[in-house]
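Commentary on secondary and tertiary structure
For reference, the chains in residue letters:
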Amino acid sequence: MFRSYVREAVRSSRSFARVYSKDVRFGAEARARMIRGVDVLTDAVAVTMGPKGRSVILERPWTSPKITKDGVSVARAIALKDQHMQLGARLVQDVADSTNQTAGDGTTTATVLARSIAREGFQQITHGANPCEIRRGVMLAVDHVKQSLRDMSQAVETRQEIEQVATISANGDAAIGRLIGEATDRVGRRGTITVKEGKRLRDELEVLQGLQFDRGYISPFFINVSKGAKVEFANAYVLITLKKIKSLKQILGSLEISLRQRRPLLIIADDLDGEALNALVLNRLKAGLQVCAVKAPAFGEYRKQLLGDIAVATGAFIFGDDIDYAKIEQAKLEDFGEVSRQMPAIQADRLEPAVNFKSQLPQTIYSSC
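In this report, the structure presented in the accompanying data block is examined. (Residues numbered from 1 in each chain as written. Predicted model: local features only at pLDDT ≥ 70, side-chain atom pairs only at ≥ 80, totals over all residues. Heavy atoms only, no water.)

Examining helix α6 (residues 131–152)
For α6, which comprises 22 residues, the first-to-last C-alpha distance of 31 Å matches the rise-based estimate of 32 Å (1.5 Å per residue) to within 8%. Capping the start of α6 is the job of one residue whose side-chain oxygen sits 3.0 Å from the backbone nitrogen of Cys132: Asn130. (Helix = DSSP H or I, 4+ residues; strand = E, 2+ residues; numbered from the N terminus. Expected span 1.5 Å × (residues − 1). Polar contact = N/O pair within 3.5 Å; in protein donor to acceptor, adjacent residues only side chain to side chain.)

What follows is the structure, given as structure tokens:
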């Protein structure tokens, strides 16, 4: 009896572990199925084309549906049951993704053009044309169209032109266009503009000068401004290290330089605890030492990149770097960065350098909640 149960269990497990073969198709039948998948995806994306395009509702698991007019978002949301139709849809999805990464817009137009090219190309292959020659002809046509578009294009220079382009991209919303025009005017052509979902009724513009990272002061005993729980200094030095600071001996020389120059000191380190933190807090409370310690942002390689940006912005030297290794005990005055204002708070730091360096970056250091 027991052996029969074991035998049945083994048979059942084998049936579940069976791997089925691929469904292989050739010729016109395979191309026809792929074109059907291309048509399904393109028909769903094409309705969003242009300023008067329609919106699409996308189902999202475990959350509310998404209403969008973004062609690449619609393309990514489509998955077909038939494998051959899905192959065709994936080809057009790759076109939309590449256009989005390269240009940032025009994904719907690229999808419609991809369907036309695929349909005509498959039709010519069915009639006996050479696929390699068709591809060569398509690439020549692409180069010609790109050159024609460059000749027809006009540079967007004025704020009014930027607002016009932004209004079209915002589905005709003139208020959004004016907001983007103002943001571009404030930060310049090379500035960074990000869009975040807000919780207020109106769209707002917030300009942050300099660098910002999500770290605050290590100890609340560094606070010298009770309102807002901030640490506010003027004309402070910046000391940056990739290593942990555990003993006062490591930063004693830097503190002496700061005292001799009569300027505050901001320390950005991997961590600061033990004897070093206790000594800084004690001197801050009893001797009025103007110092503040902040943990370095992020982790791993990304942390090195962020600290490198901070060092370039403030003119500081990075101690503890594996490539240009130097001990923090050997810090000199020229190794410090400079900021015209410093405001570390609980959760975030914002930096603006105090000196105009070659990169002409902005000028202060902030930390705020």
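So, the pattern of salt bridges
Where charged atoms from two side chains of opposite charge come close, those side chains can pair. Using the criterion set out here, one finds 14 salt bridges in the structure. Glu338 is paired through a salt bridge with Arg263; the nearest N and O atoms lie 3.4 Å apart. Here the residue Glu338 occupies a position in strand β10 (residues 337–342), and Arg263 occupies one in the loop between α9 (252–261) and β6 (265–269), the gap between them amounting to 75 residues. Linking Asp271 and Lys295 is a salt bridge whose minimum nitrogen-to-oxygen distance equals 3.9 Å. (Salt bridge = Lys/Arg side-chain N within 4 Å of Asp/Glu carboxyl O.)

A look at the side chain of Asp39
Its location among the elements puts Asp39 in helix α2 (residues 27–46). Separated by 2.6 Å, the side chains of Asp39 and Arg119 make a polar contact.

Considering the nonpolar core
If you look at the biggest cluster of nonpolar residues, it comprises 43 residues, and the most contacted ones within it are Phe222 and Ile267. Sorting the residues of this core by element identifies β4 (233–241), α9, β6, α10 (274–286), β8 (291–295), α11 (300–314) and β9 (318–319) as the ones contributing at least two each. The greatest single-element share of this core, amounting to six residues, is contributed by β4. Once residues within four sequence positions are removed from consideration, Phe222 is found in contact with Tyr217, Val231, Leu277, Leu280, Val281, Arg284, Val291, Cys292 and Ala293. Of all hydrophobic cores here, the second largest spans twelve residues; its members include Leu41, Leu58, Ala75 and Val92. (Core = buried A, V, L, I, M, F, W, Y, C linked by side-chain atoms within 4.5 Å. Buried < 20%, exposed > 50% of the residue type's maximum accessible area, 1.4 Å probe, protein only. Contact = heavy atoms within 4.5 Å.)

Some remarks on the side chain of Arg284
Among the structural elements, Arg284 can be located in helix α10. Here the side chain of Arg284 touches Ile223 through a polar contact of 3.3 Å, landing on its backbone oxygen. Excluding residues that lie within four positions of it along the chain, Arg284 makes contacts with Phe221, Phe222, Ile223, Asn224, Leu289 and Val291.

Some details on helix α4 (residues 83–102)
When the terminal C-alpha atoms of α4 are compared, their 28 Å separation across 20 residues agrees well with the 28 Å that a helix rising 1.5 Å per residue should span. Within α4 the residues assigned to the buried category are His84, Met85, Gln86, Gly88, Ala89, Val92, Gln93, Ala96 and Thr99. In this structure, the buried side of α4 is in contact with α2, α3 (71–76) and α5 (107–126). Between the side-chain oxygen at the start of α4 and the backbone nitrogen of His84 there is a gap of 3.0 Å, and the oxygen is on Asp82. Two residues or fewer past α4, Gly104 is found with a positive phi of approximately 85 degrees.

Comments concerning the pairing of β4
For β4, a buried count of seven out of nine residues is recorded, marking the element as mostly surrounded by other parts of the structure. In this structure, β4 lies alongside β6, joined through four bridges in parallel fashion. Residue pairing across strands places Leu239 opposite Ile267, the latter belonging to β6. Sheet topology places β4 next to β9; two bridges connect them, and they run parallel. If you follow Ile240 over to β9, its bridge partner there is Ile318. (Pairing = 2+ DSSP bridges.)

Overview of the environment of Asn100
For Asn100, the location among the structural elements is in helix α4. When its relative accessible area of 25% is taken as the criterion, Asn100 is described as partly exposed. Remark: the alpha-carbon pair of Asn100 and Ala110, spanning ten residues in sequence, is separated by 9.6 Å. With sequence-adjacent residues up to four places away left out, Asn100 is seen in contact with Val72, Arg76 and Thr107.

Examining the packing of aromatic side chains
What characterises a pair of aromatic rings is the spacing of the ring centres plus the angle enclosed by the ring planes. One pass over the full model with this rule turns up two aromatic pairs. Ring plane angle 50 degrees and centroid distance 5.4 Å describe the contact between Tyr237 and Phe336, whose orientation is recorded as tilted. One end of the pair, Tyr237, is in strand β4; the other, Phe336, is in the loop between β9 and β10, with 99 residues separating them in the sequence. Note on accessibility: Tyr237 and Phe336 belong to one class, buried. Taking the centre distance of 5.0 Å and the plane angle of 80 degrees together, the rings of Phe317 and Phe319 count as edge-to-face. Accessibility expressed as a relative area gives 25% for Phe317, which makes it partly exposed. Its guanidinium or amino end placed over the ring of Tyr237, Arg263 lies 4.2 Å from that ring's centre, counting from NZ or CZ. (Phe/Tyr/Trp six-rings, centres within 6.5 Å; stacked < 30°, edge-to-face > 60°. Lys NZ or Arg CZ within 6 Å of the ring centre and 35° of its normal.)

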